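The residues making up each chain are set out below.
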Amino acid sequence: MVISSLLKEYTVRRDDAIKLLAHMFGCSYHDLFFKTHVNVPLAIQPSVCNGLRRLASGEPVSKIIQKKEFYGIEFKTNKYTMDPRPETELIIDLVTKYYRSLDEHLTILDLGSGTGCIGLSLLTMYKNAVCSFVDIDANAIAVALENACNLDVSTRCEFILSDWFTNVSGIFDIITCNPPYVSTNFELDVATSFDPEIALFAGEEGMNAYITILPKMKNFLKRGGKAFIEVGFDQREKVANIEHGMKVVSINNDLNGIPRVITLCLFDSF
Ligand SMILES: C[S@@+](CC[C@H](N)C(=O)[O-])C[C@H]1O[C@@H](n2cnc3c(N)ncnc32)[C@H](O)[C@@H]1O
């Protein structure tokens, strides 16, 4: 099969098609990148065509191959989990800016953990840290557990099936949270529509999760601890106006210059 003629048959981005084919052939992206011809064994031709058809329909390649990179780590993802987004990597940057010693025995709570990409990335860096992962969807928890096993950090993980803080006990050095924050009136692009609704939507103004979570957060934070909350592109003010009883440490922009992460701590923190 000639790659270029395959790609002409389906209207797909070459880059995505190569990722898909590399996954199906069990080789690396770079192995395929410069190839013009490949032999596609007869047995897998139908699944190759099916994959390309799904790509052409607008399904993200990550959903088809069920993996997505975040902070240089490959995470399993599927229809029950939101694909990790590059803007969320800012949370990892901020944690490492505020907690410089990688030996610290940190306790982390990853609220709305999905694939587990935030907490698991932190566990790969902070070798003495432990993390509790909270999600309302048992299928998402199963994906986070699988990712924890793949990264060999599962012994430092606790998985809690919970509606936000309901089943959570204890206090934490670090709370990370990327909650659903899309307005139910917002028209999604095709790619995002493959992510689960429960991971995206949070009422008419996209504020429901913040309104539930933020007033309770101070009860789960240690003195000296910090909470890192991702917000939508127009939500900084609205989130800051919620009565949360904590001090705003910083508001940081993502690479597109959009305010993306609010960092909070207790008022009596040092
Ligand atoms: C925007 S996704 C974030 C996933 C992951 N942390 C990330 O950054 O890629 C939000 C996650 O919150 C979970 N979630 C939604 N409502 C929840 C609730 N009431 N309690 C706990 N988790 C919830 C969803 O299942 C989803 O995994």
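What you see is a predicted model; the values in this text were computed from it and never measured. Along each chain, residue indices are assigned from 1 in the same order as the chain's sequence is written. Residue-level local features of this predicted model are given only where pLDDT is at least 70; pairs of side-chain atoms are given and counted only at 80 or more, and the full residue set underlies all totals for whole chains, interfaces and linings. Neither water nor hydrogens contribute to the side-chain values; these are computed over all heavy atoms in the structure.

Caption draft 1: Quick peek at the domain arrangement of the protein chain. Splitting the protein chain by domain gives domain 1 (3–65) and domain 2 (71–265). Here the C-alpha centroids of domain 1 and domain 2 sit 32 Å apart. Residues count as neighbours in contact if any of their non-hydrogen atoms are within 4.5 Å of one another. Taken together, the contact between domain 1 and domain 2 spans 6 residues of the former and 10 residues of the latter. Here's the idea: put two parts together, see how much 1.4 Å probe accessible area each one loses, and the total over both is what we call buried area. Of the roughly 540 Å² buried where domain 1 meets domain 2, counting both sides, 58% is carbon and sulfur surface. Sorting the residues of domain 1 by area buried against domain 2 places Pro60, Ser62 and Lys63 first, and these three jointly supply 71% of that buried surface. We define a salt bridge as a side-chain nitrogen of Lys or Arg found within 4 Å of a carboxyl oxygen belonging to Asp or Glu. Across the contact surface, domain 1 and domain 2 share 2 salt bridges. Within 3.5 Å is the distance limit for a polar contact, defined as a pair of N or O atoms, with the added protein rule that one can donate a hydrogen and the other accept it, and that residues adjacent in sequence qualify only through two side-chain atoms. Our enumeration of links across domain 1 and domain 2 arrives at 4 residue pairs in polar contact (both at pLDDT 80 or more). Throughout this entry, Asp, Glu, Lys and Arg are counted as charged residues, while Ala, Val, Leu, Ile, Met, Phe, Trp, Tyr, Cys and Pro are counted as nonpolar. The remaining residues, Gly among them, count as polar. Partitioning the side of domain 1 that touches domain 2 into residue classes produces 1 nonpolar, 3 polar and 2 charged. An automatic or database domain assignment provides the domain bounds reported here.

Caption draft 2: Representation of the pattern of salt bridges. This model, assessed by the stated rule, comprises 13 salt bridges. Note that Asp15 and Lys19 form a salt bridge whose closest N and O atoms lie 3.8 Å from each other. Residue Asp15 and its partner Lys19 are located together in helix 2 (residues 14–25), separated by 4 residues, close to a single helical turn. We classify Asp15 as partly exposed; its relative accessible area is 26%. For the salt bridge of Glu146 with Lys76, the shortest nitrogen-to-oxygen distance reads 3.6 Å. Here the residue Glu146 occupies a position in helix 8 (residues 138–150), and Lys76 occupies one in strand 2 (residues 73–76), the gap between them amounting to 70 residues. Residue classification places Glu146 among the partly exposed positions, given a relative accessible area of 35%. One connected set of salt bridges, linked through shared partners, spans Arg13, Asp15, Asp16 and Lys19. Put simply, DSSP H or I for four residues or longer makes a helix, DSSP E for two residues or longer makes a strand, and each gets a number counted from the N terminus. Remark: exposure states derive from per-residue accessible area (1.4 Å probe, protein chains only) relative to the maximum for the residue type, with buried under 20%, exposed over 50%, and partly exposed in between.

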